[in-house]
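Results of the structural survey
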Amino acid sequence: IPAHDGRVNDLAVCRAMNVLISVGNDGYVHCRAMDHSDPLKWEVTSLDLLKCRNVSEGKGDIDSSTTRRKITSLCIVRGESKRAVIAIGTSCGQIKLVEITKLEDSMVRASFLTDHEAITVSGLEDGEGKVIHALCSSRYDDFSRIIIGHS
């Protein structure tokens, strides 16, 4: 399936919504509604990391040939039939929450949760080599935890 400009860094399927989510070095989140047997017919929506508050181009990327922020990892924090929340990790040591909603016509919409600033992990303030490499979510009672693997 044609997707990212460059490397795809992580994939996840939200089974409750039947949506495939991918993130890549191009700084985009792609969400595909898997409503057809032919993947080329899946409706797709894209979200650009640079459209997020508190994320800008600059230092913090592993690849010095570009200054574009990369999305390096993702995890599904909560998934329901019409709404999901994912966390994305970046090449600048930040984590951002994204809301994915499924509309009545099977279209998918993605947006950054505006109530939350980009989360900078303590000790990973902006600078070279500060990368979120892996994210995992777990639920305990009514709380969601995001476990972070970073450098």
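Scroll up to find the structure this text is about.
Residues numbered from 1 in each chain as written. Predicted model: local features only at pLDDT ≥ 70, side-chain atom pairs only at ≥ 80, totals over all residues. Heavy atoms only, no water.

The secondary structure content of the protein chain amounts to zero helices and 11 strands. When the helices and strands of the protein chain are read in sequence order from the N terminus, they spell out β-β-β-β-β-β-β-β-β-β-β. Within the protein chain, the proportion of its 151 residues that are buried is 44%. Taking contacts inside the protein chain between residues at least 6 apart in sequence as the whole, the part at least 24 apart equals 45%. Accessible surface, the protein chain: about 8,200 Å² in total, of which carbon and sulfur atoms supply 49%. (Helix = DSSP H or I, 4+ residues; strand = E, 2+ residues; numbered from the N terminus. Buried < 20%, exposed > 50% of the residue type's maximum accessible area, 1.4 Å probe, protein only. Contact = heavy atoms within 4.5 Å. Areas by Shrake-Rupley, 256 points an atom, 1.4 Å probe, with all protein chains shown as cover.)

As summarised here, the arrangement of the four strands in space is S1-S2-S3-S4, forming an open sheet in which the pairing is antiparallel. Because the sheet does not close on itself, it has two edges, and the strands there are strand S1 (8–14) and strand S4 (43–48). With direction set aside, neighbouring strand axes in the sheet form an average angle of 15 degrees. Note: S1 against strand S2 (residues 19–24), six bridges, orientation antiparallel. From the neighbouring strand, Cys14 faces S2, where its bridge partner is Val19. (Pairing = 2+ DSSP bridges. Axes fitted to C-alpha atoms, helices over the stretch in contact; angles between N-to-C directions.)

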